[in-house]
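If you want the building blocks of each chain, they are given just below.
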Amino acid sequence: MQTTLEPQTSFEVSDKGFYGHFGGAFIPEMLYPNVEELRQNYLNIIADPAFQAEFWQLLEDYVGRPTPLFLAKRLSEKVGGTVYLKREDLCHTGAHKVNNTIGQILVAKRLGKKRIVAETGAGQHGVATATVCALMGLECIVYMGSIDMERQKPNVDRMRMLGATVVPATSGSQTLKDATNEAMRHWINNPVDTHYIIGSVVGPHPYPDMVARFQSVISQEVKKQLLAKTGSENPNYVVACVGGGSNAAGAFYHYLNEPSVRLVAAEAAGQGVTSGHSAATTALGKPGVLHGSRTILMQTEDGQVIEPYSISAGLDYPGIGPLHAHLFESGRGDFYAITDDEALQAGFQLSKLEGIIPALESAHALAALEKMDLKPSDVVVVCLSGRGDKDLSTYSKYL
Amino acid sequence: MRTVRRCSGNPRLVVTDQNCGFPPALQMTQELTQNRITDLFTRKSERLLNVYFTAGFPALNDTVSILRGLQAAGVDIVEIGMPYSDPVADGETIQQSNEKALENGMSLKTLFAQLADCRKGTDGDPVTVPILLMGYINPVLQYGVEKFCQKCQEVGVDGVILPDLPLDLFLDDYAPIFNEYGILNVNLITPQTSEARIRHIDKESDGFIYMVSSASITGSVKGVSDTMQAYFERIAAMNLRNPRLIGFGINNHETFDTASNYANGAIVGSAFIRHLSEKGTSAESIQAFVQTIRA
């Protein structure tokens with residue numbers, strides 16, 4: 001193997017931006033100054049006490065943190081373990097995505113940027129970006145696949161109401177992958193005054209690490225809350241869905257070096273792993289480079305990226321973040337492929353048992369519980385990454 | 001062939017600051033294995049024209065006839081695009097040509113098969129023009145970097161441009177393989193590239209430096225602005241050891257002329273793809289295009 005690919009035992013990003021074999025910054029020279037500016041400054045900016053004060057204040061007063069950790073008793077009885085739900089669905093804008101956009105817009109301001117560009121799949125990250133741009137008075141341009149714009153019309157309207165310009169990505173499959181390509185092209189064309197707020201733990205270094213740090217508030221709170229509720233800050237399992245993997249990265253972050261805590265990732269199998277309509281990246285992918293990092297990627301033998309499919313627009317991505325690729329390869333994480341039907345059933349089940357309608361993305365994490373062979377003594381934290389209001393039109397087809 | 005080692009395709013290096021650690025007697029061997037691109041720049045240093053087209057576009061088997069058409073029209077370097085599903089540095093025109101080429105069934109395997117006999121001339125006029133392959137790193141990784149370089153050498157490809165393989169990752173992981181097979185890796189600079197980084201790129205590059213004319217993706221720039229001219233002048237004044245070709249936004253005689261005033265020549269891509277779509281792929285059509293650029 002090549003020099004930068006030496007395996008690491010650590011789950012922290014290396015100086016060159018690698019997690020084990022995965023990561024790096026595979027970017028055209030046109031993006032080098034921007035990415036390098038970010039790489040050189042992000043740790044200092046984040047560590048600055050004034051930044052920390054502003055970030056935490058906004059998380060508390062604007063986002064509504066800490067989000068509750070809720071013991072789901074009826075669900076626990078049903079699946080066999082002791083299940084706690086980390087209620088990221090109660091964040092302002094309805095999902096965990098805003099933790100990251102708050103952090104990144106504060107970074108962008110400190111870098112003197114005047115304009116924000118972002119990509120979005122389901123629209124949750126787009127809404128979270130448009131929200132913080134409104135809050136900070138920065139111009140906001142969101143690229144969204146034209147097919148996703150049709151599938152997620154309410155989120156398009158929300159973004160527009162928040163003052164963002166939503167640009168349809170009409171290339172390729174016209175979904176998240178293509179929206180990301182278009183956002184990168186926009187950034188290439190506007191390198192000096194624009195910051196690209198990537199919505200997941202994907203992209204060139206330092207994005208995966210920066211986004212994971214902003215989302216790490218999830219596991220930071222879980223530790224404290226679980227200690228108060230159970231006397232131990234460590235559960236047996238942490239479960240989260242993985243598209244790109246930002247809520248999973250946040251939920252796993254403070255447990256990465258706690259080997260007694262199993263990290264469980266739920267990927268979208270779509271109509272089934274072998275159906276040809278799937279987004280189960282670790283089951284179907286091979287190492288490759290997409291959107292600036294080396295990761296596990298769904299691709300043809302010739303290295304062309306395969307269009308993924310999932311009922312959940314937020315999991316409809318052909319890669320995963322390089323941290324997750326490393327968790328998979330090193331065996332640190334357990335990866336389950338959850339079909340559309342299993343996710344829908346889990347979504348309906350949570351609604352009826354606990355009175356909480358989950359996002360279809362989060363429903364994939366809930367469906368993994370059924371496959372885990374849990375004992376009543378097992379303490380399980382599920383990251384309930386978003387609320388299901390945006391998915392009502394999909395759910396209603398199966399009522 | 002594999003026994004011929006070279007630290008660089010640039011023959012000037014042999015007599016200047018590097019000798020790859022080989023004793024002087026061996027340096028002759030390196031000069032004998034001339035690369036067509038470095039060779040070109042020793043013979044010609046002005047108004048070089050490099051034309052890009054996408055392999056397998058508009059039809060799968062157009063690759064070699066377009067290559068021959070460009071050679072017959074007198075272009076100095078031909079840059080063949082290896083189509084990719086996610087070409088982030090490319091604008092709409094080249095994106096669409098990539099999509100079409102992939103639909104047509106183009107792949108690296110097919111491309112190497114198409115190029116296999118062109119240098120020998122067993123399938124038509126021998127192709128002698130320097131050839132670059134341009135594309136993205138992922139298909140090359142899946143093909144296998146060493147196998148890729150070996151194939152390039154075998155079919156007579158002289159160099160590659162892989163925009164999403166940054167220089168530092170190239171040097172860490174792949175430079176020895178490229179050197180072993182004598183394949184040049186052409187690097188890009190942009191108006192935002194710092195002087196220190198340009199010096200670093202110049203030091204580590206062979207063949208030529210690809211100057212991206214403005215902060216942009218391909219095919220999105222119209223004309224040469226004052227800001228661009230100032231950038232061209234700034235780079236010209238740096239006295240880099242590598243020749244320079246300017247690309248992005250070079251689409252007619254006027255822009256080719258301006259670029260040639262500040263560099264050793266220019267690269268035309270999207271404009272040629274549009275021409276192929278609108279005016280066809282015949283030798284006459286290609287000749288006419290090249291004439292309008294050179295005038």
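- The name given to chain A in an unreviewed UniProt entry is Tryptophan synthase beta chain, with Spirosoma arboris as the source organism.
- The record in UniProt for chain A states the following under Pathway (unreviewed entry): "Amino-acid biosynthesis; L-tryptophan biosynthesis; L-tryptophan from chorismate: step 5/5."
- What the UniProt record of chain A gives under Sequence similarities (unreviewed entry) is the line "Belongs to the TrpB family."

**Quick word on the overall build of chain A**
Then, number 1: In terms of helices and strands, chain A carries 16 helices and 14 strands.
Then, number 2: Taken along its principal axes, the extent of the C-alpha atoms in chain A is 55 × 50 × 45 Å.
Then, number 3: Here chain A holds 399 residues, and the buried ones make up 62% of them.
Then, number 4: Taking all contacts inside chain A whose residues are at least 6 apart in sequence as the whole, residues at least 24 apart take part in 73%.

**Brief notes about the domain arrangement of chain A**
All names here are of chain A.
Then, number 1: Domain parsing of chain A yields domain 1 (26–57 + 97–210) and domain 2 (64–95 + 215–396).
Then, number 2: For domain 1 versus domain 2, the distance between C-alpha centres works out to 22 Å.
Then, number 3: Each partner contributes residues to the interface: domain 1 has 29 residues there, and domain 2 has 31 residues.
Then, number 4: Elements represented by at least two residues in the side of domain 1 that touches domain 2 include exactly α4 (97–110), α5 (124–136), α6 (146–151), α7 (153–161) and α8 (176–189).

**Thoughts on the interface of chain A and chain B**
Then, number 1: With 30 residues of chain A at the interface, the matching set in chain B holds 32 residues.
Then, number 2: The set of elements that each furnish at least two residues to the side of chain A that touches chain B consists of α1 (32–47), α8 and β11 (286–290) of chain A.
Then, number 3: The element that contributes the greatest number of residues to the side of chain A that touches chain B is α8(A), accounting for six residues.
Then, number 4: Looking at the side of chain A that touches chain B residue by residue, the classes come out as 13 nonpolar, 12 polar and five charged.

**Points about the sheet that holds strand β8 (residues 194–197) of chain A**
Residue and element names in this part refer to chain A.
Then, number 1: Spatially, β7-β6-β5-β8 is the arrangement adopted by the four strands of the open sheet, whose pairing is parallel. Single-partner strands in this sheet number two, and they are β7 (165–169) and β8. Here the strands of the sheet are splayed against their neighbours by 25° on average, with no regard to which way each runs.
Then, number 2: Pairing geometry for strand β6 (residues 139–145) and β7, over five bridges, is parallel. Residue pairing across strands places Ile141 opposite Thr165, the latter belonging to β7.

**Let's talk about the pairing of strand β8 (residues 244–247) of chain B**
On a regular strand, one side chain projects to one face of the sheet and the next to the other, so that they alternate.
Residue and element names in this part refer to chain B.
Then, number 1: Taking every second residue as pointing to the same face, both faces of β8 are buried, with Arg244 and Ile246 on one and Leu245 and Gly247 on the other.
Then, number 2: Here strand β7 (residues 209–212) runs beside β8; their pairing, made up of four bridges, is parallel. Counted as the bridge partner of Ile209 is Arg244 from β8.
Then, number 3: Since β7 and β8 lie parallel, the crossover through helix α12 (residues 226–236) that links them has a hand, and here it is right-handed.
Then, number 4: Note that β8 and strand β9 (residues 265–268) share two bridges and pair parallel. Its bridge partner lying in β9, Leu245 is registered against Gly265.
Then, number 5: In this region the chain leaves β8, passes through helix α13 (residues 253–262) and returns to the parallel neighbour β9; the handedness of that crossover is right-handed.

**Things to note about the sheet that holds strand β13 (residues 333–339) of chain A**
Residue and element names in this part refer to chain A.
Then, number 1: One open sheet accounts for six strands, arranged β3-β4-β14-β9-β10-β13; its pairing is mixed. Edge positions in the sheet fall to β3 (69–71) and β13, since each has one partner strand and no second. Each strand of the sheet is rotated relative to its neighbour by a mean of 25°, with strand direction disregarded.
Then, number 2: In this structure, β3 lies alongside strand β4 (residues 82–87), joined through three bridges in antiparallel fashion. When the sheet's bridge partners are listed, Leu69 is paired in β4 with Lys86.
Then, number 3: Running at roughly 105° to β13, helix α13 (residues 322–330) makes contact with β10 (262–270) and β13 of the sheet.
Then, number 4: Across the face of the sheet, helix α14 (residues 340–354) comes into contact with β10 and β13 while running at roughly 90° to β13.

**Concerning the UniProt feature "modified residue: N6-(pyridoxal phosphate)lysine" (unreviewed entry) in chain A**
Residues and elements named next belong to chain A.
Then, number 1: Those residues carrying the UniProt feature "modified residue: N6-(pyridoxal phosphate)lysine" (unreviewed entry) are Lys97 in this numbering.
Then, number 2: Along the chain, Lys97 turns up in helix α4.
Then, number 3: By the C-beta count within 10 Å, which is 30 here, Lys97 ends up buried.
Then, number 4: In this structure Lys97 touches Gln124, His125, Ala128 and Gly199, once residues within four positions along its chain are discounted.

**Notes on the UniProt feature "domain: Tryptophan synthase beta chain-like PALP" (unreviewed entry) in chain A**
Then, number 1: UniProt records the feature "domain: Tryptophan synthase beta chain-like PALP" (unreviewed entry) for residues 64–386 of chain A in the present numbering.
Then, number 2: Taken end to end, residues 64–386 of chain A is 41% helix and 21% strand, and its two terminal C-alpha atoms sit 14 Å from one another.

Parameters and conventions
- Residues numbered from 1 in each chain as written.
- Chains lettered and ligands numbered in written order.
- Predicted model: local features only at pLDDT ≥ 70, side-chain atom pairs only at ≥ 80, totals over all residues.
- UniProt positions renumbered as here; feature names shortened; annotations may be inferred.
- Helix = DSSP H or I, 4+ residues; strand = E, 2+ residues; numbered from the N terminus.
- Buried ≥ 20, exposed ≤ 12 C-beta atoms within 10 Å, placed from the backbone.
- Contact = placed C-beta atoms within 7 Å.
- Domains from an automatic or database assignment.
- Nonpolar A, V, L, I, M, F, W, Y, C, P; charged D, E, K, R; others polar.
- Pairing = 2+ DSSP bridges.
- Axes fitted to C-alpha atoms, helices over the stretch in contact; angles between N-to-C directions.
- Right-handed = clockwise from strand over helix to strand, strands pointing away.

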